[in-house]
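# Analysis of the macromolecular model
So you can see what is in the structure, the chains are spelled out below.
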2 protein chains.
Amino acid sequence: MASLKGLGYSGGMDIAQLKAFPLFAELPDAALSHIARGATPLAFPRGALICRKGEFIQGFYCVLEGVVKLAFLSPEGHEKIVDLVHGGSSFGEALMFLDRPCPLYAQALTRCQLIHVRKEAILPALDRYSSLARQMLAGLSRRLHQLVLDLESYCMQPAAQRIIGYLLREAETHEGQTREVTFPVSKALIASRLNVTPETLSRTLSCLSEQGLLKVEGKRILIHDVERLRDLGPR
Amino acid sequence: MASLKGLGYSGGMDIAQLKAFPLFAELPDAALSHIARGATPLAFPRGALICRKGEFIQGFYCVLEGVVKLAFLSPEGHEKIVDLVHGGSSFGEALMFLDRPCPLYAQALTRCQLIHVRKEAILPALDRYSSLARQMLAGLSRRLHQLVLDLESYCMQPAAQRIIGYLLREAETHEGQTREVTFPVSKALIASRLNVTPETLSRTLSCLSEQGLLKVEGKRILIHDVERLRDLGPR
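We now turn to the structure provided with this report. (Residues numbered from 1 in each chain as written. Chains lettered and ligands numbered in written order. Predicted model: local features only at pLDDT ≥ 70, side-chain atom pairs only at ≥ 80, totals over all residues. Heavy atoms only, no water.)

Counting its regular elements, chain A contains 9 helices and 12 strands. Every one of the 235 residues in chain A was classed for burial, and the buried ones make up 51%. Within chain A, contacts between residues at least 6 apart in sequence are counted, and of these 72% link residues at least 24 apart. When the accessible area of chain A is evaluated, it comes to approximately 10800 Å², of which 52% is carbon and sulfur surface. (Helix = DSSP H or I, 4+ residues; strand = E, 2+ residues; numbered from the N terminus. Buried < 20%, exposed > 50% of the residue type's maximum accessible area, 1.4 Å probe, protein only. Contact = heavy atoms within 4.5 Å. Areas by Shrake-Rupley, 256 points an atom, 1.4 Å probe, with all protein chains shown as cover.)

Below is the structure:
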């Protein structure tokens, strides 16, 4: 994939644009002006590579508009999306504290307007304004928590994948867009058909339910998030 | 698994014990005394459960001595270790900012001495002392980065697992503890034998090498971390 550099906007960075981010919301104008001097607005067309895996990004990115995909490729060339970053959110903060290259690539999923904030502009503000540090701690904590949940999903064994595959197939055959699956026979029989123990079937369903992917009501399964379920299912 | 509550030490919390943690190293004694008042020393025997998955921990834990395992069980009952926390490190900080239950369980892998620090004791110090916020940001960033690398490993496809399985088998047969594998024939032939393309073999080896698990020197593979490789290999 070729790296397309963002096209810098003409003119300076408006502090009102920074204020729109929850991360910066509580900062006084003087602090925002300082950060603005270390910030560069960037525009990327859809599909453009914002940063490569292995690149040092020297700061972090705020997404003004559009959606950024953070992902990596498996050795076989399959893409795994780790996060989708929407307008009002940011990415890359963790790397500022690590002096490590980017473990993912960032690509514009839609036309994107971003702000790149240089490390030198943000670190002094972090030391001075505790609200900024608290917001950043909360943001990193949310992502850490989400990654642990993702890792849990990915560690599911083949049996779980068979169960997910079954649910996805049933959800598709039942009148197009419906997201409800009703087991036509007992759970024990379904388990047997899928070559898993009834305990594994129950535990897998509870686990998926805990993760907010579906809800179990007796023999009825209401699928809340087909996309994430598909992501976990057989490849 | 039964939850064994830690046995509280008699006597108060010594601020010298807190000072030993990099997290608290730059704090003045007054701040440490305040934190100490919200801190509880706990001792756990080997194997004891420190907190259950799903529990609200109301603060975070510092490990004075011993090793704590953070893990979850797959629906099939396989344990996946997410992190091992050694003396001088801490865990659970992210949950303080989220109001979410613990997504993992924490278990004493050895006899452990911990300090539980209550949220109410640490949050005011975080607002007041930027060094504490910076240390915590750095700690969360390190874990976030490591989790992304772990997720990458777990998303490896079956072909990668066959390659890892081959390396582990070869490393074992060659005189016991040696961690060096030499391809007896060309990489193209090895790839063919493993039913993967030569490109997949190369990419998998580079990927494992980037992660610090091994080093490739022509036909020689030096395995740096057999344990982690085993964790990624065929189950």
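So that's the structure; there's more coming.
This part is about the relation of the copies chain A and chain B. Under the fitted operation, chain A is carried onto chain B by 0.1 Å of movement along the axis and a turn of 180 degrees, and the coordinates agree to an RMSD of 0.2 Å. Expressed as a symmetry operation, the mapping of one chain copy onto the other fits a two-fold axis. A share of 100% of the interface residues of chain A reappears at the interface of chain B, consistent with the copies meeting face to face through the same patch. (Least-squares fit on C-alpha atoms with pLDDT ≥ 70 in both.)

Here we take up a nonpolar patch on the surface. Residue and element names in this part refer to chain A. Taken together, the side chains of Ile81, Leu84 and Leu109 define a hydrophobic patch exposed on the protein surface, amounting to about 210 Å² of accessible area. Within the secondary structure layout, isoleucine 81 lies in strand S6 (residues 79-86). Relative accessible area serves as the criterion here: at 34%, isoleucine 81 is assigned to the partly exposed category. (Patch = residues over 30% accessible without salt bridge, like charges linked within 9 Å, V, L, I, M, F, W, Y side chains within 5 Å. Salt bridge = Lys/Arg side-chain N within 4 Å of Asp/Glu carboxyl O.)

Contacts between the two partners involve 50 residues from chain A, matched on the other side by 50 residues from chain B. Our count for the chain A to chain B interface comes out at 4 salt bridges. A salt bridge links lysine 53 of chain B to glutamate 210 of chain A; the nearest nitrogen and oxygen atoms lie 3.2 Å apart. Where chain A touches chain B, the interface holds 6 residue pairs in polar contact (both at pLDDT 80 or more). Elements with a minimum of two residues in the side of chain A that touches chain B: strand S5 (67-73), S6, helix H3 (93-96), helix H4 (119-128), helix H5 (130-154), helix H6 (158-173) and helix H8 (198-210) of chain A. (Polar contact = N/O pair within 3.5 Å; in protein donor to acceptor, adjacent residues only side chain to side chain.)

As enumerated under the stated definition, the model contains 6 aromatic pairs over all chains in all. A centroid spacing of 6.3 Å and a plane angle of 75 degrees characterise the contact between phenylalanine 21 of chain B and phenylalanine 24 of chain B, whose relative ring orientation is edge-to-face. (Phe/Tyr/Trp six-rings, centres within 6.5 Å; stacked < 30°, edge-to-face > 60°.)

This part is about helix H8 (residues 198-210) of chain B. Residue and element names in this part refer to chain B. Relative to the 18 Å expected for 13 residues at 1.5 Å per residue, H8 spans 18 Å between its end C-alpha atoms, a close match to the ideal helical length. Among the residues making up H8, those that are buried are Thr200, Leu201, Thr204, Leu205, Cys207 and Leu208. The arc that holds every buried residue of H8, seen down its axis, measures 160 degrees, which confines them to one face. In the segment just after H8, glycine 212 is the residue with positive phi, at about 75 degrees. (Expected span 1.5 Å × (residues − 1). Arc of directions from axis to C-beta.)

Time to look at the sheet that holds strand S10 (residues 180-182) of chain A. Sheet strands pair via backbone hydrogen bonds, and the direction of the pair is either parallel or antiparallel. Residue and element names in this part refer to chain A. The antiparallel open sheet is built from 3 strands, whose spatial order is S10-S12-S11. The outermost strands of the open sheet, each flanked by one partner alone, are S10 and strand S11 (214-217). In this sheet, adjacent strand axes meet at a mean angle of 15 degrees when their direction is disregarded. Where S10 and strand S12 (residues 220-223) come together, 3 bridges link them in antiparallel fashion. (Pairing = 2+ DSSP bridges. Axes fitted to C-alpha atoms, helices over the stretch in contact; angles between N-to-C directions.)

Another point: the pattern of salt bridges. Under the criterion given, the structure shown has 19 salt bridges over all chains. Of the charged contacts in the structure, one is a salt bridge between glutamate 55 of chain B and arginine 52 of chain B, with a shortest N-O distance of 3.6 Å. Take glutamate 55 of chain B: its relative accessible area is 16%, and that puts it in the buried class. The structure contains a network of salt bridges with shared partners spanning Glu180, Lys215, Glu217 and Arg220 of chain A.

What follows concerns the sheet that holds strand S8 (residues 105-108) of chain A. Residues and elements named next belong to chain A. Strands sit in the order S3-S8-S5-S6 across an open sheet of 4 strands; the sheet is antiparallel. Unpaired on one side and paired on the other, strand S3 (49-51) and S6 mark the two borders of the sheet. Strand-to-strand twist in this sheet, taken as the mean axis angle between neighbours without regard to direction, amounts to 30 degrees. The pairing of S3 with S8 spans 2 bridges and is antiparallel. Following the sheet pairing, leucine 49 is matched in S8 by glutamine 107.

So far we have only geometry, and geometry alone does not tell us how the molecule works.
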